[in-house]
Amino acid sequence: QVQLVESGGGVVQTGGSLRLSCAASMRPGSKYTIAWFRRAPGKEREFVAGVSWTDNNNTYHADFVKGRFTISRDNTKKTVHLQMDSLKPEDTAVYYCAASTNWRITTSTKQYLTWGQGTQVTVSS
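Here we summarise the structure given alongside this text. Because the structure is predicted, anything quoted here is derived from the model rather than measured.

1. Focus on the packing of aromatic side chains
Then step 1. Applying the stated criterion across every chain yields a total of six aromatic pairs.
Then step 2. When the centroid spacing of 5.6 Å and the interplanar angle of 85° are considered together, the rings of Phe37 and Phe47 count as edge-to-face. Here the residue Phe37 occupies a position in strand β4 (residues 33–39), and Phe47 occupies one in strand β5 (residues 46–51), the gap between them amounting to ten residues.
Then step 3. Exposure remark for Phe47: the relative accessible area of 7% places this residue in the buried category.
Then step 4. Taken together, a centroid distance of 6.4 Å and an interplanar angle of 65° make the contact between Tyr112 and Trp115 edge-to-face.

Below is the structure:
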């Protein structure tokens, strides 16, 4: 089993940056694909970015964050980061990290069985 704890959310002005972290507690030798999703008020949860557990740590970013957000994985610390730059008001949402045993990065919430509690990101205009 794996447990996930997000941190790093907050309030930032348009154009600013935030770095989210997802700390994973898991049994030694476990391998999980980790992804970030977000849910904005009145909208469904959507995929933001993911990193696989394969040796080359494949990553995939949603089109609406490419060039602005970067996901990375620190295997020694079992932590996944989401560096968010050039933030826009429409990025305001609760951000969740999630874990999947599928080595492929998928954008469907159904593939992710474990979720963190979420962290609020607010971008002011």
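2. Observations regarding the layout of surface pockets
Then step 1. Computed from the structure, the largest pocket encloses a volume of approximately 240 Å³.
Then step 2. Elements represented by at least two residues in the lining of the largest pocket include exactly β3 (18–26) and β8 (79–84).
Then step 3. Considering every element that reaches the lining of the largest pocket, the biggest residue donor is β3, with three residues.

3. Quick word on the pairing of strand β7 (residues 69–74)
Then step 1. The alternating pattern of β7 places Phe69, Ile71 and Arg73 on a buried face, while none of Thr70, Ser72 and Asp74, on the opposite face, is buried.
Then step 2. Hairpin connection between β7 and β8: a loop of four residues separates the two successive antiparallel strands, and Lys78 in this loop has a positive phi of roughly 50°.

4. A closer look at the sheet that holds β7
Then step 1. Strand order in the open sheet formed by four strands is β1-β3-β8-β7, with antiparallel pairing between adjacent strands. Looking at the sheet topology across the chains shown, the edges are occupied by β1 (2–7) and β7. Across this sheet, the average inter-strand angle for adjacent strands is 15°, counted without regard to direction.
Then step 2. In the sheet, β1 pairs with β3 via six bridges, with the strands oriented antiparallel. From the neighbouring strand, Ser7 faces β3, where its bridge partner is Ser21.

Here is what the cut-offs are and how they apply
Residues numbered from 1 in each chain as written. Predicted model: local features only at pLDDT ≥ 70, side-chain atom pairs only at ≥ 80, totals over all residues. Heavy atoms only, no water. Phe/Tyr/Trp six-rings, centres within 6.5 Å; stacked < 30°, edge-to-face > 60°. Helix = DSSP H or I, 4+ residues; strand = E, 2+ residues; numbered from the N terminus. Buried < 20%, exposed > 50% of the residue type's maximum accessible area, 1.4 Å probe, protein only. 1 Å grid on protein atoms, 1.4 Å probe; cavity = no way out; pocket = protein on both sides within 12 Å on 5 of 7 lines; lining within 4 Å. Points joined across faces, edges and corners; volume = space filled by probe spheres on them. Pairing = 2+ DSSP bridges. Axes fitted to C-alpha atoms, helices over the stretch in contact; angles between N-to-C directions.

By themselves, these observations are geometric and do not establish any function.
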